[in-house]
Every structure is written in structure tokens, then in C-alpha cells.
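Chains, contacts and geometry: an overview
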Amino acid sequence: MLQLDFAFDDQLTIRTAEARGSVARDAVVDAALAGNAPVYVGVSGGKDSQALAYRVQAHLDDIGHVGPRALIHSDLGRVEWRDSLPVCERLAGRLGWELIVVRRTAGDMMDRWLSRWAANVERYASLSCVRLIMPWSSAAQRFCTSELKSQIIARAIRARHPAGPVVSAVGIRREESAARARMPVAKRDERLTRARGIGLTWNALIHWQRVEVLDYIRARGDVLHEAYRIYGSSRVSCAFCVLASLADLRAAARCVDNMAILREIVGLEVRSTFSFQGKRWLGDLAPDLLDAPMRAALAEAKERAALRQAAEARIPSHLLYAAGWPTCMPTAEETRLLVDVRKQVAEAAGIEAGYLDATAIQARYAALLDERRLAARR
């Protein structure tokens, strides 16, 4: 069995192959591929993973790789563009590769936001947090990517290959962001690594420019996802992504297939009083797509959001929790303030909340501080 246990560093990374149209090379990945390690290409339906699949196949053929190969797609459910899975299926057919489709067993992306909101309401009701927490993922908390893509894909790959090296090719490019510009060609992936085999993430097209991606897909005789071709989106992810630009949100709103999920997301904006993106309400994107009662409910939700935010702005920062724990006991005056704020937030958000009197709040803080001390001793 091929053993790959050496570290990644500048001496091991091959940097001479980053010419236009080439795959980015790394010594650890090269050794794994020479040993015919299984290769999985993550595909979303977007242009980068589309080009990646074609280019990785060509590279594997060139080096004589005869190990297992497959595409793997994590289906995010009703937040997906309808064309995403068909693009992946067509790509698998053209390559002659198996397409593995994985899904979160506890529900799709929208279910995750809904369950997060329910859990956050319960946390607020039990004074396990001081401020009400939004339902959405964000740039700081990208559980949408980790829980619904990376973890699920890694679990499926590990189950298929309990031993030996395995390579997961990903369509990340340096051009996309400053953070991605700092990413290596390859790295050991702990999510894929098992007791008897290393897992490797390989950013095979990390040095490619957008024009190279588009030219390569065109040269292979394939067509792009409808999000690009018909609606003018710059990227393919969720139809409505918490990180999407305004232009991409508008592109998604022009597709009739996305109307049901748009209205469901707006419904959660209304229920939670939290806008989908910072200060941007998805319901404002295309108000003509909402019926009159929902437009009225959205307007009211914005007013309730302003009341909630004004109330929570009164909380001194030292009363907020750190890593889920209070850091001090509130004074009698601060406790009265918390009572007032909690009542206002509960009314504004339309939720039930406990700990609405001074005695209960003091007891809760005391209990949590005791738990924190006990936890620190363990």
C-alpha cells in the first residue's frame, strides 16, 4: 500500500507547472496519483468545477492513472438552481464517470436555516444568549459550506475508501478572493484522512483565470449552467446565497424556478425580523413577486427589526456572553435593564421568552457562572 506521511512545504510543492491550461502540481498529490489513488472531483454545476472535471480527467489520462474516479455533488435541496444537478449529470455522461449525489440527512439548506432559527429562539428564551441570533449563515459562519457540502462529501468518500490515500479535487481559484489567493495547491485534509490513509485536497486549477475556465469549457464543446447563459449570474451556488452580490440575487429572481424558495426565505425574514444579508432584505429584491399580505408583513417586520435592534443596542458589552458564557454578574440596575430589553425583544420578534424578572435573571447568570467555573476545572 502506498504510504504518504510526509509534510507539505515549499520544498515538496512543484511550482513549474503553472502555465496556462495546466493543472497545478504538488509532489504529495503526484505521488498519490502515481499509486492510482482514488480521485473525486467536487462538482456544483458551476463553471469552475465543470472545467476542473474535464482538465483533471485529461491529466489523469496523460499520467496513466487507472485508479477509481468519480464526480461528487452535494445537493442543497430547494435552494439549488434547478439546472445544477442536470449540469453535473451531463458532465458525468460526457466524461464516462460515476456521479455520486450526497445530501444532508437532516434536511436541506432551507431546513437548516429554519431549524437554526427554532434553536436560536429556544436559546434566547432560556437566556443561553443575550442577543437574539439570526437564522442565516454568513461570511463569518459558513456552516452552509461546512455542514452541507464539505462534511457530507468527505463522509461519503471515507465510507468508500477506508484505507489508502484519496484525492479530492476542488475548483478553487486564486483570482476569486484575497483569501483564496493565499491557498496552497494542495493540503492534507483532516476530514478525508482516516487511520489507515491520508486524504488530500487538490486545488488543481488554482492558478487559472476566469477566461481560461470559459475557454476550456467551450473547447470541450460543453455549455454553461443556465444561471450564466440565461440569467447573467456571475457564479453558481445557492440560487439565493447569503454572500451573493446584488446583481446575482437579481439574476436568480428572474428565474421562475426560484420563486418558491424566494418566498420561503422572505417568510423567514418576516418571522425572524432578520434580513437575509446584513442590511439587505431579500423581500426588497423583487416586491412584485410577493403578494400584498407578504409585502405588508415584510414592512411590519422591518419596523419590528428596528425595535429589536434599538433594544439590544442598550445592552452593555460586558454583559454579553463570551464563548457561550457570561463573564460577570449583572448589577441590580443592569438586571433591570436586561428585563426591559428582553421584554422589548420578545415583543418585537413575536417570540416567547423566559427570564423576564430580575430574580430569574440573577439566578440564571449565577448558575451559568458556576457552570463555567466547573467546566474550566475539567
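Residues numbered from 1 in each chain as written. Predicted model: local features only at pLDDT ≥ 70, side-chain atom pairs only at ≥ 80, totals over all residues. Heavy atoms only, no water.

**Quick look at the confidence of the model for the protein chain**
Looking at the protein chain as a whole, its pLDDT mean stands at 93, while 95% of the residues score no less than 70. Between residues 1-17, whose pLDDT stays under 50, and residues either more than four places distant or in other chains, the model counts 36 contacts. (pLDDT = per-residue confidence, 0-100. Contact = heavy atoms within 4.5 Å.)

**Considerations on unusual backbone geometry**
Even without glycine at this site, N36 takes up a positive phi of about 65°. In this structure, T273 takes a positive phi of about 65° despite not being glycine. Relative to the elements of secondary structure, T273 occurs in the loop between α10 (259-272) and α11 (292-312). For T273, a relative accessible area of 0% translates into the label buried. (Helix = DSSP H or I, 4+ residues; strand = E, 2+ residues; numbered from the N terminus. Buried < 20%, exposed > 50% of the residue type's maximum accessible area, 1.4 Å probe, protein only.)

**Focus: the environment of E147**
Counting through the fold element by element, E147 comes out in helix α5 (residues 143-160). Since its relative accessible area comes to 24%, E147 is described here as partly exposed. Between the C-alpha atoms of E147 and Y54, which are 93 residues apart in sequence, the distance is 27 Å. Apart from the residues lying within four places of it in its own chain, the contact partners of E147 are R112 and I152. Polar side-chain contacts of E147 include one of 2.6 Å to the side chain of R112. (Polar contact = N/O pair within 3.5 Å; in protein donor to acceptor, adjacent residues only side chain to side chain.)

**Focus: the nonpolar core**
Within the largest apolar cluster, 64 residues are counted, with the highest numbers of intra-cluster contacts made by M109, W113, F240, I265 and L282. The element that contributes the greatest number of residues to this core is helix α12 (residues 332-349), accounting for 7 residues. Ignoring any residue separated from it by four or fewer positions in sequence, one finds F240 in contact with V79, W113, L249, A252, A253, N258, I261, L262, I265, F276, L282 and L285. Residues V43, C88, A186 and W202 belong to the second largest nonpolar core, which totals 36 residues. (Core = buried A, V, L, I, M, F, W, Y, C linked by side-chain atoms within 4.5 Å.)

**Points about empty space enclosed by the protein**
Under the criterion given, the structure shown has 2 cavities of 30 Å³ or more. Roughly 50 Å³ of internal volume is contained in the largest cavity. As for the largest cavity, its lining consists of W81, S233, R235, V236, S237, C238, A239, C241, A244 and D248. Split by residue class, the lining of the largest cavity holds 6 nonpolar, 2 polar and 2 charged. (1 Å grid on protein atoms, 1.4 Å probe; cavity = no way out; pocket = protein on both sides within 12 Å on 5 of 7 lines; lining within 4 Å. Points joined across faces, edges and corners; volume = space filled by probe spheres on them. Nonpolar A, V, L, I, M, F, W, Y, C, P; charged D, E, K, R; others polar.)

**Some words on the environment of L338**
Along the polypeptide, L338 turns up in helix α12. On a C-alpha basis, the gap between L338 and I315 in space is 7.2 Å, while along the polypeptide they are 23 residues apart. Residues within four places of L338 in sequence aside, it is in contact with V130, I315, L319, P330, I361 and Y365.

**Regarding helix α2 (residues 47-63)**
For α2, with 17 residues, the first-to-last C-alpha span of 25 Å sits near the 24 Å given by 1.5 Å per residue. In terms of residue burial, α2 counts as a mostly covered element, since 13 of its 17 residues are buried. Two residues or fewer after α2 comes G64, characterised by a positive phi angle close to 80°. (Expected span 1.5 Å × (residues − 1).)

**Focus: the packing of α10 against α11**
Between α10 and α11, whose axes approach to 8 Å, the crossing angle comes to 40°. Our classification of the angle between α10 and α11 gives oblique. As for how α10 packs across α11, the hand of that crossing is left-handed. Contact residues: α10 offers R263, V266, G267, E269, V270, R271 and S272, while α11 offers M294, A297, L298, A301, R304 and R308. (Axes fitted to C-alpha atoms, helices over the stretch in contact; angles between N-to-C directions. Parallel < 35°, antiparallel > 145°, perpendicular 65-115°, else oblique. Left-handed = near helix turned anticlockwise from the far one by under 90°.)

**Some remarks on the sheet that holds strand β2 (residues 69-74)**
Within the open sheet, the 6 strands sit side by side as β3-β2-β1-β4-β6-β5. Their pairing is mixed. Where the open sheet ends on each side, the last strands, each with one partner, are β3 (98-102) and β5 (186-188). Here the average twist between neighbouring strands, direction ignored, is 25°. Bridging between strand β1 (residues 39-42) and strand β4 (residues 166-169) involves 3 bridges; their strand directions are parallel. Across the sheet, V41 pairs through a bridge with A169, a residue of β4. Sheet strands touched by α2: β1, β2, β4 and β6 (199-202). Its angle to β1, the strand with the most contacts, is close to 160°. (Pairing = 2+ DSSP bridges.)

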